[in-house]
Amino acid sequence: MLLSLFLNQIFNFTMLLVSIFILLGGIILTFKTRFIQFRTIPEMFKLLVGNIFRKKKKTNKYETIAAHKALFTAMSTSIGLGNIASPIIAIKLGGPGALLGFMLAAIFGSASTFTEVTFALKFRKKNPDGTISGGPMQYIKEALPPFFSSLYAYAGFVMLTAWSGFQTNTLADLLQLRGVPPYITGIVLAIVISYILVGGIKRIGNFSARLVPIMFLLYCTATLWIIISNLEKLPSIIDLIFRSAFTTKAIAGATVGYGLHQALRWGLTRGFFANESGLGTATIPHSMSATKTPVNQGILSMVSVYSNGFLCLLSGLVTLLTGTWMSTEKGLGIGINIIAKSFTMYFSTIGIVILMISALL
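Quantities reported herein were computed from a predicted structural model and do not represent experimental measurements.

**As for the overall build of the protein chain**
Then, number 1: Along the protein chain, the regular secondary structure elements total 15 helices and four strands.
Then, number 2: Across the 361 residues that make up the protein chain, the buried fraction comes to 49%.
Then, number 3: Considering only contacts within the protein chain whose residues lie at least 6 apart along the sequence, 80% involve residues at least 24 apart.
Then, number 4: Counting every atom, the protein chain has about 17900 Å² of accessible surface; 71% of that belongs to carbon and sulfur.

Rendered as structure tokens:
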């Protein structure tokens, strides 16, 4: 028991250090790029709209995809269950102030993502067989010995395995309370995702370009409706968020600790987990982009981080406004079923359907 508590403390401390390290990196890059995440917002939207409505050109000899499809492929890994469940977990464990951590992760993480994606495009390797090798593994080799590139690849494999497990388990938790056995969820997801992956980057890009906007609009519409229905409570909730982050006392519902330490520990950690900034994984699909310049794709990639932060904010506000974050109802746990309860309060049975569709997508 004591050993378990000791190891848990070490893990929590390590995660906090890693999160602060990534945050500091984002702050440094923000100044080095002269606040790229703010000054290029008009260009960001121009690139997004221009790529979506641009006429298809004859493909080159390399296995590339349109710039916006590369963006949506990257977004498909960061926008989803991480945005739905992560803010609730962070609030439940670290208090309402954890939402500030998510906002910091989005603001400074944008500069990190811009830098990562720009480097990934600049140093990607075009192979003789028409395929492209991209991602952090390629640009790490430019600055460090090859060993570190291999280390990242192996560590990334382990991380993505656990990441996929989190996504699947979160969806299984939601469906299990509605009578769907977890193994059924696992089998169906394995079949569908395998079919998509076997089709290569082009099929993944085409699928993501259709899937991501639907999920984004569906979830935004539902959560914004709940927030608008509780506008009179919003000022007090914002006050609660700041009081929770800077208080010296525990806030009800925060089961572990209090204050800025917990806001950073849970908000930053879950925030970077959700938007992938500073981790390098988002650069892999971006490396397959048929873009004019690396910088253009870097600017476009920040759409993902901003969208991610926006969805996390919506999820957090919904649970705070509806009060479900303080629920002790048996079977809810600390994740997606809490926001499912919020949806049920405002949309009855259809609320669960909306959430299940969003989670499945």
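**Observations regarding helix α9 (residues 182-198)**
Then, number 1: In a regular helix each residue adds 1.5 Å, so 17 residues correspond to 24 Å; α9 covers 24 Å between its end C-alpha atoms and thus fits that length.
Then, number 2: Looking at α9, one finds that the buried residues are T185, L189 and I196. Buried residues in α9, looked at end-on, bunch into an arc of 30 degrees, giving them a common side. Away from its buried face by more than 90 degrees, α9 exposes Y183, I191, Y195 and V198.
Then, number 3: Residues of α9 that are buried sit in contact with α8 (146-176), α10 (200-229) and α15 (336-360).
Then, number 4: Following α9 by one or two positions, G200 has its phi on the positive side, about 80 degrees.

**Let's talk about the nonpolar core**
Then, number 1: Grouped together as the largest cluster of nonpolar side chains are 47 residues, with contacts concentrated most on I84, Y219, L317, I336, I339, F343 and L355.
Then, number 2: For this core, the elements supplying multiple residues, two or more each, are α5 (81-94), α6 (98-122), α8, α10, α11 (234-246), α12 (259-275), α14 (294-322) and α15.
Then, number 3: In terms of residues, this core owes the most to one element, α15, which gives 10 residues.
Then, number 4: One finds L71, A111, M302 and V303 within the second-largest nonpolar core, a separate group that totals 11 residues.

**Some thoughts on the confidence of the model for the protein chain**
Then, number 1: Per-residue confidence for the protein chain gives a mean pLDDT of 82; residues scoring 70 or more make up 90%.
Then, number 2: Of all the helices and strands in the protein chain, helix α4 (residues 67-78) carries the lowest mean pLDDT, 68, while helix α2 (residues 36-39) carries the highest, 94.
Then, number 3: pLDDT under 50 marks residues 250-257. Its contacts with residues more than four places away, or in other chains, come to 21 contacts.

**Remarks on the side chain of T223**
Then, number 1: Within the secondary structure layout, T223 lies in helix α10.
Then, number 2: Exposure remark for T223: the relative accessible area of 0% places this residue in the buried category.
Then, number 3: A polar contact is formed between the side chain of T223 and the backbone oxygen of C220, at a distance of 3.2 Å.

**So, the packing of aromatic side chains**
Then, number 1: All chains considered together, the criterion is met by seven aromatic pairs.
Then, number 2: A centroid spacing of 5.1 Å and a plane angle of 70 degrees characterise the contact between F31 and F35, whose relative ring orientation is edge-to-face.
Then, number 3: Through successive ring pairs, a cluster of aromatic residues spans F31, F35 and F38.
Then, number 4: Note that R270 overlies the ring of F273, its terminal NZ or CZ placed 5.6 Å from the centroid.

**Concerning unusual backbone geometry**
Then, number 1: You will see that R34, though not glycine, has its phi angle at about 55 degrees, which is positive.
Then, number 2: Structurally, the position occupied by R34 is in the loop between α1 (2-32) and α2.
Then, number 3: Positive phi outside glycine occurs at F35, with the angle close to 55 degrees.
Then, number 4: Structurally, F35 is set in the loop between α1 and α2.
Then, number 5: Here F35 falls in the partly exposed class, since its relative accessible area comes to 35%.

**Structural notes on the pattern of salt bridges**
Then, number 1: In total, this model carries one salt bridge according to the counting rule given.
Then, number 2: Among the salt bridges present, the one from R243 reaches D239, with a minimum N-O distance of 2.9 Å. Separated by four residues within a single helix, R243 and D239 lie in helix α11, roughly one turn from each other.
Then, number 3: Looking at D239, the relative accessible area reads 40%, which means it is partly exposed.

The rules behind these values
- Residues numbered from 1 in each chain as written.
- Predicted model: local features only at pLDDT ≥ 70, side-chain atom pairs only at ≥ 80, totals over all residues.
- Heavy atoms only, no water.
- Helix = DSSP H or I, 4+ residues; strand = E, 2+ residues; numbered from the N terminus.
- Buried < 20%, exposed > 50% of the residue type's maximum accessible area, 1.4 Å probe, protein only.
- Contact = heavy atoms within 4.5 Å.
- Areas by Shrake-Rupley, 256 points an atom, 1.4 Å probe, with all protein chains shown as cover.
- Expected span 1.5 Å × (residues − 1).
- Arc of directions from axis to C-beta.
- Core = buried A, V, L, I, M, F, W, Y, C linked by side-chain atoms within 4.5 Å.
- pLDDT = per-residue confidence, 0-100.
- Polar contact = N/O pair within 3.5 Å; in protein donor to acceptor, adjacent residues only side chain to side chain.
- Phe/Tyr/Trp six-rings, centres within 6.5 Å; stacked < 30°, edge-to-face > 60°.
- Lys NZ or Arg CZ within 6 Å of the ring centre and 35° of its normal.
- Salt bridge = Lys/Arg side-chain N within 4 Å of Asp/Glu carboxyl O.

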